[in-house]
Structures are given as C-alpha cells and as structure tokens.
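These are the residues of each chain, in order.
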Amino acid sequence: MSIRKVKTQQQLSKLFADDAYVHDNDDVNEGTKLRTVWGQTFKRIVFFTVACVSFAVIMVALKLIQPRHTDFMTASSKTSFTTTKLRKALTETQTQCTVWIAPSSLKGVNGYGTFTTRDLHEGERILPSHDGLGVPIESYLYDDDNVPFAKARSNWIRVWKNYWWARGVPDHVAYEGALDAVDYQIGFGALPNHHCLLNSLSVRYPVNAYDDSMVDRYRDPTTGSFSYNMGREFYVFKSLNAGDEIFLNYGYCDRESYMPSWTANIYMPEDFDAAASLVKAHQRRADKSFVYDASGRLQVVDESKITPLVKELLPQTQRRFDELVDEEVDRSELTQRIAHNSLNKRSPDWIRRHGMCMESIVPKSSTIPHAGQGAFANFNLVKGEFISPAPLMQIVNKSALFKYSADGTRNGTQLLMNYCFGHKESTLLLCPNTNALLINHCSVRTNDCGPNGPNARYLWSYGWDPASDQWRQMTLERLSQQSGRGLAFEIVATRNIRKGEEIFFDYGPEWERAWHDHVATWQPPPRDELFITVKEANERQEPIFDSLVSGDLRKSVDNSPHMFTACVYEATRDDDHEVYHQDTDWKQLSDEEIMAEYASDGSQFRYPSNFGNPGDYRKHGDKLHWPCSVIRRHARNNSTYVVRIHQSPYTRRTGEMPWFRHKLPRILYNYPRESI
C-alpha cells in the first residue's frame, strides 16, 4: 500500500478545507485472518463468543469532514444560536438534560469534566441507556522495534493510553487479544476525570454485553465492520448532589507505584490525609507548623512538614478553618471535607450555562438493516441546534493501527480504524470519544434514510474548546509530539429532528463508492452448518447446544474459529492438591475413577452480587473467566454441569496451575449453568 503523506508544513486547517476527508481506498477489503482459539484476532467471548470473518476495513464510520462553519453555525463572536425558536428549544433541552460535560471543578485543570444536574442516589443509573459501544484494541504491544511503523505505534499509544481502559476490561474484550487487549470505552466512559477520594462511578455491562446477532455472517457485507460490544452501564456507588462532578478512579493513587507524568501535580490520598492530620493537630493546639496571622491568613511556619500540595489543601484563612472543623468531626469525615473543598463549586445553573448536554444521543439498533447501532435523538431538536460535542483523539499515522504476526507479516487492522475520520491525502486519523461516532451514513444520493437525506453534520468546535483553534494551526510533525488531545468537532442539526428519530450524517461520495465496491466484491465465509451466534448460545439456558458439549471426560470441546467457552473460576487450594503434582496417564482410568480422583464441587463459582442483587455477567471482574469445556449435565442435578477448566492465559496473575504443568484435568461438578 502507498502511504501518501501531507507535507509537514501543511496546517490541519488547510488539510481539512475540502470535502474529501475519507479513508484511503487502498485499505478497502483488507481481510482479517483468524488464528488460534486463544484469541488473537477477533476472538470474542461472552462466553460462547463469535468473531466474524471478512472484516471489511472500509471505514464504516469514516465520515466526511466539513471544517467551515455554515450559515446556521457562524464563526462570529456572537452566539451561534440566534433564533427565538432555537433559544426556546435549547431551554427545553437544558431542562430535561441532567448529564453534562463542563469545565472541570478540579482547581488548576483547564479541561472538561462530567457533571450531574440532578441528585443521584446510591445505585442509581446515570445515563438513560448503555453508553454507546466499546471498541477492543488488541495485539498492539510489540517489543521489536523492527516491526513496521514502530514509531507511529509508539506515538499512538503515548496519546491514547490515558484514555482507554486497561483496568475493568470485560472478559469478552480481554480474551480478544490474549495478553494485550484494552477497551476503548467511547462516550461517557472516556470523559470522567480521575479522583482517588471522590470517585463515585460503578460500572456493569448491559444484559446483552455482546451482540453479534445484528448481522448474518453469511449474508451481510457489514459483518465484522463494527463492534459487537455494547459498552457499559454507569451507576453511582454513593449519592451525589446536583452540581457535583462525577469522578472515576483510574487507579493512580500511590506515588510509590508507577504514575504517569500528568499525575505529578494532582492530590493523592496521602496529601488529603496529611492535611487532615495537620488540621486536627492545629485544632488541638498540638502542632504549630502553620498559623493564621492577624489578618486571618495562613502562614506556614515549618516548610519541612508541609509539601506544596498539602499547603494548597489547608484552609487558607481562619474563617475557612472554622467553617471546616467542628468538635464532632472525625478524621475520615474531615478528609472528605478537605477533598470537597479542593474543588471549585458548580451549581446546576452554572453547568447548564457553560456545559454541553451528554444525553442528546442514545444508542439503539439502527433503522438501516445490518448497520449495528445508531444514534437516536433523546430530545426534540431543531435546525441549527448543537447536538453533541465530539472531542477528538488523534492518530498522526494511521499505519499505527496495522497489526502484524510474530514474523512481521501484516495480518489485519485494528477495528478502531472504522470509527475515525480520515483523509485520502493524509495519514492522519481523528477519532471522536463521544457517542457522536454512532451516527450512521445517509445521503440524498442513495435515500437510505428517506428522501430528506441526512439531518446532521460535523463542524469544527466553536468556542467551547479553545485549544482546538490553536491545534488546527499545527503541522503534522508538531501534532505527533503531543501527548494529549486538543482537537474537537461538534454535531449540529441541519433540520428539525424528532425525539426518537435516528441521526444521520453524509460520509461523502468517496466513502459511498468504496462501500459499493466492497459490497460488490464481498464473499461470505464457508458455511458451517453448526454455526450459532454468541447471543444465541448465551441466551439459551437449557440445554446447552450439543455442539458445545464434549460428552466425554477425556475430550475438550473442539472450539470453532469464531467461538469458545469460558467459565467463572478463580484458583483455590484445591488447585495445589497433591494429586495434581503427579504424572499420571489419567485417560486410561474409568469415568468413575477420574471423577473420584480429579473432580470437586464447583457450585461456589458464581458471579459477585451487585447492589444486593444476585450476580451475573454484567458485574464480572477482570479475568474472572477461564477457558473451559462443558462435559455434560451433572447427573444428579440437571440444572448444573460437569466442566473441565483449562489454564488461563493470564499466567502473570494466576501462575501456571500444577494440573496444567502435569497435563492433568481440573474437573468441577455441580457447576452452575449461569456461570458458563
């Protein structure tokens, strides 16, 4: 393939000044090869999981960019929304919307945060539905600098590693890339800021966390071109008040551990604890490392005891000290008060004036057949109305998304490619990290969405993201040196949109031609008469499909290339039993002898409970599932099964089990169906 680079002195604003921002057609119909059951490419589990053949790297979500502001979204200093009708509509939207992004309440932070303008109670769901989708990024780590485009990949990872989820990755994503898979949780999951003490987010996966039934792999050319991962549902694990910022704990809370550079000037638990200790000591007059002068202002007496960050957390005046402390407050409550006082207070009205609604788009099955999810209006919108922000993550060289086998042979492309903007004359990709990327294609040329054509368009951000104006003047070389994001689009309605109506955007004629070429040349994979979708396998409770049951203690299930089985499991003392430290030709034993020697009760292996409710897959933890084979129903209880557990590939976490090293079976009986 020919990589056509734009001259480095060419600015982004000039590059995006035409209507040709589409994917380089050289990548059309790039195939994805399926490999071993341990999941290198497109191995998905939930927990009979399908990967689809004929992955079409044809930009199912690469859209045309229109950088110039139109007549209904001007670039003047005046507000973009000028009509009385539009102002009224926005007021109605602001009244209904309760989840926003607005300038963060974190002091000293110039970026945005997520806020609620309604009271949220413990266990309450934040969004009206699941949050868009998750895009798996797998097999992206290469230790060999000789792998093609190693520098481009390094630049990509440097920017993106602070946005994708490496913790809390669902197992149907984790197993896709064996030992190097992360989850790009687009939408709400990519937006909350980090806080170690005030984090309030709890996540679980939708009832149908993975849905491959949206396409027929033997009939639909869209097979494999979009993510089947349904994202997450977000809850709060503690109550929040209207106006509170919604924080997520990224896991960076210990300065003794690895900490990315951006954490250097943020408060850690030790800072809040130190401030609370000093305040309590000052209250008891047991410490004089700081005092308040005659004017009531803070004066630090002993600089050796108080770090600059702790000094910032101390009450800066005597009046604030008196407001913070009372005789009844204990150390834990005081620490929380100090953490809250470290924020800039936001009122719901302030958030509505300065923020952008994050509930205007909800994901549902698209009205276009076999197109996966689409973006639907959650409120009535009128022509010219701002629908959604679309902060952008850059990939300066799209070749970073190419995947390679161990011998350096290219064998696919990251699915992420299909969710980014690209230009035929550039290697640059820009990827939205809100539900804006759910918007499907429609044009008046094809009437896919009716005679009126699309009802929205993308524009460069206007006013709300000042950095975007500066970043658009960067050369590609300078852009490649950035370690964060700074560009942004916004989605605007081009005509009135009713609540519940799907939102569409015209990807452009070049994308359309590429898609038609793909449809004309697409060939389905060879038909497997035993094929079932992951969704079918997971939803069928009793009995499990015969093709997924071995029926013999000595045989593992012969997994097909698109599916394998996994079971809830964690290592116990039984795994280290002396019987598993012996070399035995166990397959020569009778069934009764095998069960007596190697089987144990598996009834305890269940999902954790969630807010007091029985557990299920929606709330599973990282790497909770191990590969397994279903042997048969348990004879004494037809609602449970006999299963054989196989070694987890995540040996850094579990270590290799003795039964794995000695090639012996780990068999469980009385195993719950819902844990498979």
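Our subject is the structure that appears above.
Residues numbered from 1 in each chain as written. Predicted model: local features only at pLDDT ≥ 70, side-chain atom pairs only at ≥ 80, totals over all residues. Heavy atoms only, no water.

Colleague: So, the side chain of Glu138: which residues are in play, and what are the values?
Modeller: Positionally, Glu138 belongs in strand E3 (residues 134-138). Polar contacts involving the side chain of Glu138 include one to the side chain of Lys403, which spans 2.6 Å. (Helix = DSSP H or I, 4+ residues; strand = E, 2+ residues; numbered from the N terminus. Polar contact = N/O pair within 3.5 Å; in protein donor to acceptor, adjacent residues only side chain to side chain.)

Colleague: Any details on the pattern of salt bridges? Residues and values, ideally.
Modeller: Oppositely charged side chains can pair when the atoms bearing their charge come close. Evaluation of the coordinates by the stated rule reveals 23 salt bridges. The salt bridge involving Asp183 is made with Arg232; its shortest N-O contact spans 2.5 Å. Here Asp183 is found in strand E4 (residues 181-185), whereas its partner Arg232 is found in the loop between strand E6 (201-204) and strand E7 (233-236), with 49 residues between them in sequence. For the pair formed by Asp183 and Arg232, the shared burial category is buried. A salt bridge links Asp211 to Lys535; the nearest nitrogen and oxygen atoms lie 3.7 Å apart. (Salt bridge = Lys/Arg side-chain N within 4 Å of Asp/Glu carboxyl O. Buried < 20%, exposed > 50% of the residue type's maximum accessible area, 1.4 Å probe, protein only.)

Colleague: Tell me about the pairing of strand E21 (residues 487-493), and name the residues and values.
Modeller: The element E21 is largely enclosed, with a buried count of seven among its seven residues. Here E21 shows two buried faces, one formed by Leu487, Phe489, Ile491 and Ala493 and the other by Ala488, Glu490 and Val492. Pairing analysis gives six bridges linking strand E14 (residues 386-395) to E21, with the strands arranged antiparallel. Bridge assignment links Phe386 to a residue of E21, and that residue is Val492. The sheet contact formed by strand E20 (residues 456-460) and E21 spans five bridges and is antiparallel. Residue pairing across strands places Trp460 opposite Phe489, the latter belonging to E21. (Pairing = 2+ DSSP bridges.)

Colleague: Run through the packing of aromatic side chains, naming residues and quoting values.
Modeller: Under the defined criterion, the tally for this structure stands at 26 aromatic pairs. Ring centres 4.8 Å apart and planes at 65° place the aromatic pair Trp460 and Phe489 in the edge-to-face group. Linking Trp460 in strand E20 with Phe489 in strand E21, this pair joins segments that are 29 residues apart in sequence. Here the two residues Trp460 and Phe489 agree in accessibility, since each one is buried. In this structure an aromatic cluster arises from ring pairing among Phe421, Tyr458, Trp460, Phe489 and Phe505. (Phe/Tyr/Trp six-rings, centres within 6.5 Å; stacked < 30°, edge-to-face > 60°.)

Colleague: Just give me the short version of unusual backbone geometry, but keep the residues and values in it.
Modeller: Phi is positive for Arg285, close to 60°, though the residue is something other than glycine. Tracing the sequence through the fold places Arg285 in the loop between helix H5 (269-283) and strand E9 (290-292). When its relative accessible area of 74% is taken as the criterion, Arg285 is described as exposed. For His370, which is not glycine, the phi dihedral falls at a positive 65°. Note on placement: His370 falls in the loop between strand E12 (361-365) and strand E13 (373-377).

Colleague: Outline the nonpolar core, listing residues and values.
Modeller: Trp156, Trp160 and Leu416 are the most contacted members of the largest nonpolar core, which totals 67 residues. With residues near it in sequence (within four places) discarded, Leu416 still touches Val135, Ile137, Trp156, Trp160, Tyr184, Ile395 and Leu401. Grouped together as the second largest cluster of nonpolar side chains are 38 residues, Ile544, Cys567, Tyr598 and Val642 included. (Core = buried A, V, L, I, M, F, W, Y, C linked by side-chain atoms within 4.5 Å. Contact = heavy atoms within 4.5 Å.)

Colleague: Explain the sheet that holds E20 to me, using residue names and the numbers behind them.
Modeller: Within a sheet, neighbouring strands are paired by backbone hydrogen bonds and run either parallel or antiparallel to one another. Overall, antiparallel pairing links the five strands, which are arranged E17-E18-E14-E21-E20 in an open sheet. This sheet does not close on itself; its edge strands, each paired only once, are strand E17 (421-422) and E20. As paired elements, E17 and strand E18 (residues 429-432) share two bridges and run antiparallel to each other. When the bridges of E18 are listed, Phe421 appears paired with Leu430. Contacting E14 and E18, helix H3 (residues 150-160) crosses the sheet at an angle of about 140° to E14. (Axes fitted to C-alpha atoms, helices over the stretch in contact; angles between N-to-C directions.)

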